[in-house]
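# Structural characterization, general
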Amino acid sequence: MRFSNLLIPTLKEVPNDATLASHIYLLRGGFIQGVGSGLYNFLPLGKIVLDKVRAVVKEELDAVNAQEVSLGFVTPASMWRESGRFEKYGKELLRFTDRKNNDFVLGPTHEEMMVNMVKQTVKSYKQLPLNLYQINLKFRDEIRPRFGLMRGREFLMKDGYSFHANEDDMRREFALMEETYKRIFTRLGLEFRVVEADSGAIGGSGSKEFMVLANSGEDTIVVCESCEYGANIEAAIRADVTCSEAVPSALFSKVSTPNIKTIDELGEFFKVNPYYIMKSVAMRALYDEGRSEIVLFILRGSDTLEETKACNAIKANELVEVSEADLNELGLVVGFMGAVEQKIDIKIIADNSLQNAVGMICGANEIDYHFVGASSEAMNISSYDDIAAVLEGDVCSCCGGKLTYTKGIEVGHIFQLGTRYSEPLKAEFLDENGKTKPFVMGTYGIGVSRLLAAIIEQHHDEKGCIWTKESSPFDLHIIVSNSKDENQTTYANSIYDELKKSNISVLIDDRKERFGFKMKDCELIGIPNILIIGQKLDDGIVELKERTKEDGVEFKIEAILAEIKNRI
RNA sequence: CGGAGUGUAGCGCAGUCUGGUAGCGCACCUGGUUUGGGACCAGGGGGUCGAAGGUUCGAGUCCUUUCACUCCGACCA
């Protein structure tokens, strides 16, 4: 393609709302254009990259017998009511009505639609297994869209769904998808890690996330230094936590703790390790149909509440803050909250690490008083669960190694769904004994547009993008140093034609601009291989440069074609 | 949702405190010079100042309302 014919509106200045490298360079390189909060247009270059990434995804999926379909973007709300997700999915689900006042949703994911499609057409176990996918727009009304393509509201996603006659076959497909996803991300040139994950609103049991490692990632992942264990913080587990300091010995009693409210202050005041202090976190839990209740979560002072785990422990949709007034009404005193001798009637969930705990310090629900020598026995605990966040330095439950944090960008997520959707939606088939059974399902997603951002997050420098081989919009960028030099132009055109014949995609900068100007654009756009045709052409020499390297290498024009083919 | 901030030309900004002809840089158009690191000279086009209402002889500027966008937080008790 000729630069002069393409719409590539590169920007010299950084749009003021962009903070992340991928956002900045995708905008500045003329790949995308912002049109509203979390909404982007893809300009010609961006569209080419998107299509290339999409093609890699499709090739690998088709190679393992997945079949591409395309589902309607607008989904009747009735399907979402049947699955129970109309309420469950929360505010991210964009709902609207048509002129006849029927409810619809803009699909954030398409389990319901796909199950419906299969239910109408698949009746026998002989038609199974099936793996159907689509690569289509999704809409999620994010609380706070940010970082460009990383967390937009409208985005391109590959969502796949598999249907099986039994659990074993579903697990086989799950493993196959894991391998396929690894191939896809490897081909795209990404450094990533597969981690254990929480299933969230999608539901189901085992799920794994594919995390591209990048400091700008929004997810915290816990990895083991010694073994392969890796998990999203929302799902990470650890070996039992212990404390090297002895249990403080104290008889159960109420102690005056004037204005001592925080865990740190308490630790200081009593000279005990926070491990022996009980932290009480009150949250309002939201359920379906607007129901809500206040729940008290009890942890060791050395831990912090992991909200997703806490949410799962009580099967709530969401946890939100509670106002101080609401707490006071229940008899909970901010700064001195506790669950010992608790007379108030609310749900109290304690972390597993508190089972059989003794010698603890906790709030007395009275201003300026705490209890010492408290035990979990004395508390009116509804149930124990894993609700604490794994901390850096905790011990790996697999190998005893040390756990650390790293940041990741979630680009893929695969779930073992089981019959979570097929049962409520009555998607059934006849097995070999003629018995009716719900499909056993898996679901598999890839954030295709987010991948563009992830690639740039991992591959850029201070000058601009550096696309990987399979994601680059073109194989080669030709710079004609002086477009008014007839020699250069003639030669550039002839090599451009020859490369095209060899099926190498080329962007040729034929604009009547100065050399420096074109180089800046070239670096911003980030095609990995650059051919510079300059003054030395008169001596039969041109320069081949890699985007990642400072200097290029000179070649005689007789040798250049073979060299380019060799590199690409 | 809570807090903070910003809306003025395609982009980045000044002007707002103290009301009085709409500005600057980049980009764009014309002509010329220049062509290995975002050139130069000359000329030119482009904005109902986010929207609505109000105060005033007069509002980008003051008041009220509203919309949009961005950032930070929503991990303490």
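Please read all numbers here as calculations on a predicted model, not as lab measurements.

Cut-offs applied
- For every chain, the first residue of its written sequence is number 1, and the numbers climb from 1 along that sequence.
- Chain letters and ligand numbers both follow the written order, the letters beginning at A and the numbers at 1.
- Under the rules for a predicted model, residues below a pLDDT of 70 receive no local features and side-chain atom pairs below 80 are neither given nor counted, while totals for whole chains, interfaces and linings still include all residues.
- Heavy atoms from the whole structure form the basis of all side-chain values; hydrogens and water molecules are not counted.
- As annotated, the domain borders come from an automatic or database domain assignment.
- Only heavy atoms enter the contact rule, under which two residues are in contact if any of them lie within 4.5 Å.
- By convention, the term buried area covers the 1.4 Å-probe accessible surface removed from two parts as they join, with the contributions of both added.
- When a carboxyl oxygen of Asp or Glu is within 4 Å of a side-chain nitrogen of Lys or Arg, the pair counts as a salt bridge.
- Polar contact is defined as a pair of N or O atoms within 3.5 Å, subject to the rule that within protein one atom must be able to donate a hydrogen and the other to accept it, and that residues adjacent in sequence are counted only when both atoms are side-chain atoms.
- Definition of nearness: a residue and a molecule or strand are near each other if at least one heavy atom of the residue lies within 4 Å of the molecule or strand.
- For the purposes of this entry, the term helix denotes a DSSP run of H or I that reaches at least four residues, the term strand denotes a run of E that reaches at least two, and both are numbered from the N terminus.
- Throughout, the ten residues Ala, Val, Leu, Ile, Met, Phe, Trp, Tyr, Cys and Pro are labelled nonpolar, Asp, Glu, Lys and Arg are labelled charged, and all others, Gly among them, are labelled polar.
- When DSSP finds two or more bridges between two strands, those strands count as paired.
- The convention used is that axes are lines fitted to C-alpha atoms, helices contributing only their stretch in contact, and that angles between N-to-C directions extend from 0 to 180 degrees.
- Partly exposed residues are those whose accessible area sits between 20% and 50% of the maximum for their type, while under 20% is buried and over 50% is exposed, using a 1.4 Å probe and protein chains only.
- Crossovers are marked right-handed if the path from the first strand over the helix to the second runs clockwise, as seen with the strands pointing away from the viewer.

With that settled, the discussion passes to the domain arrangement of chain A. Accessible area lost upon the coming together of the parts serves often as the stated size of an interface. Parsing chain A into structural domains produces domain 1 (48-71 + 106-236 + 404-457), domain 2 (253-385) and domain 3 (476-567). Here domain 1 and domain 2 have C-alpha centroids that lie 37 Å from each other. Counting residues at the interface gives five residues for domain 1 and four residues for domain 2. Buried area between domain 1 and domain 2, summed over both chains or domains, comes out near 350 Å², and the portion from carbon and sulfur atoms is 38%. Contact with domain 2 buries area across many residues of domain 1, yet Asp198, Ile233 and Glu234 alone supply 82% of it, more than any other trio. Scanning the region where domain 1 abuts domain 2 turns up zero salt bridges. For the pair domain 1 and domain 2, the interface holds three residue pairs in polar contact (both at pLDDT 80 or more).

Taken together, 39 residues form the shell around RNA strand B, and within it Arg144, Glu307, Gly335, Glu523 and Gln535 come nearest. Backbone atoms, meaning sugar and phosphate, form 51% of the atoms of RNA strand B found within 4 Å of the protein. Taking Ser37, its side chain carries an N or O atom lying 3.0 Å from a phosphate oxygen of RNA strand B. The backbone of Gly516 places a nitrogen or oxygen atom 3.4 Å from a sugar or linking oxygen of RNA strand B. No other element matches helix H12 (residues 515-525), which puts seven residues into the surface near RNA strand B. Looking at side-chain class alone, the surface near RNA strand B contains 14 nonpolar, nine polar and 16 charged residues.

Read across the open sheet, the three strands follow the order E4-E6-E5; overall the sheet is antiparallel. Where the open sheet ends on each side, the last strands, each with one partner, are strand E4 (74-76) and strand E5 (94-97). Ignoring strand direction, the axes of neighbouring strands in this sheet form an average angle of 35 degrees. One ladder, built from four bridges, connects E5 with strand E6 (residues 103-106); its direction is antiparallel. Of the residues in E6, the one forming a bridge with Leu94 is Leu106.

A word on the pairing of strand E27 (residues 476-480). Most of E27 is tucked away, with five of its five residues classed as buried. Alternating positions in E27 separate into two faces, Leu476, Ile478 and Val480 on one and His477 and Ile479 on the other, with burial throughout. Sheet topology note: the E27/strand E28 (residues 506-509) ladder contains four bridges and is parallel. Bridge pairing in E28 places Ile479 opposite Asp509. Regarding the hand of the β-α-β motif, the stretch spanning E27, helix H11 (residues 486-501) and E28 is right-handed. Alignment of E27 against strand E29 (residues 529-533), held across five bridges, turns out to be parallel.

To continue, consider the side chain of Asp303. Its location among the elements puts Asp303 in the loop between strand E15 (292-300) and helix H8 (307-313). Within polar-contact distance, the side chain of Asp303 engages the side chain of Arg238 at 2.9 Å.

With that settled, consider the environment of Ile263. As for its position among the elements, Ile263 is in helix H7 (residues 263-270). Put simply, Ile263 and Val322 are 59 residues apart on the chain and 19 Å apart in space, counted from C-alpha to C-alpha. Excluding anything up to four places from it in sequence, Ile263 contacts Pro274, Ile277, Met278, Lys279 and Gly301.

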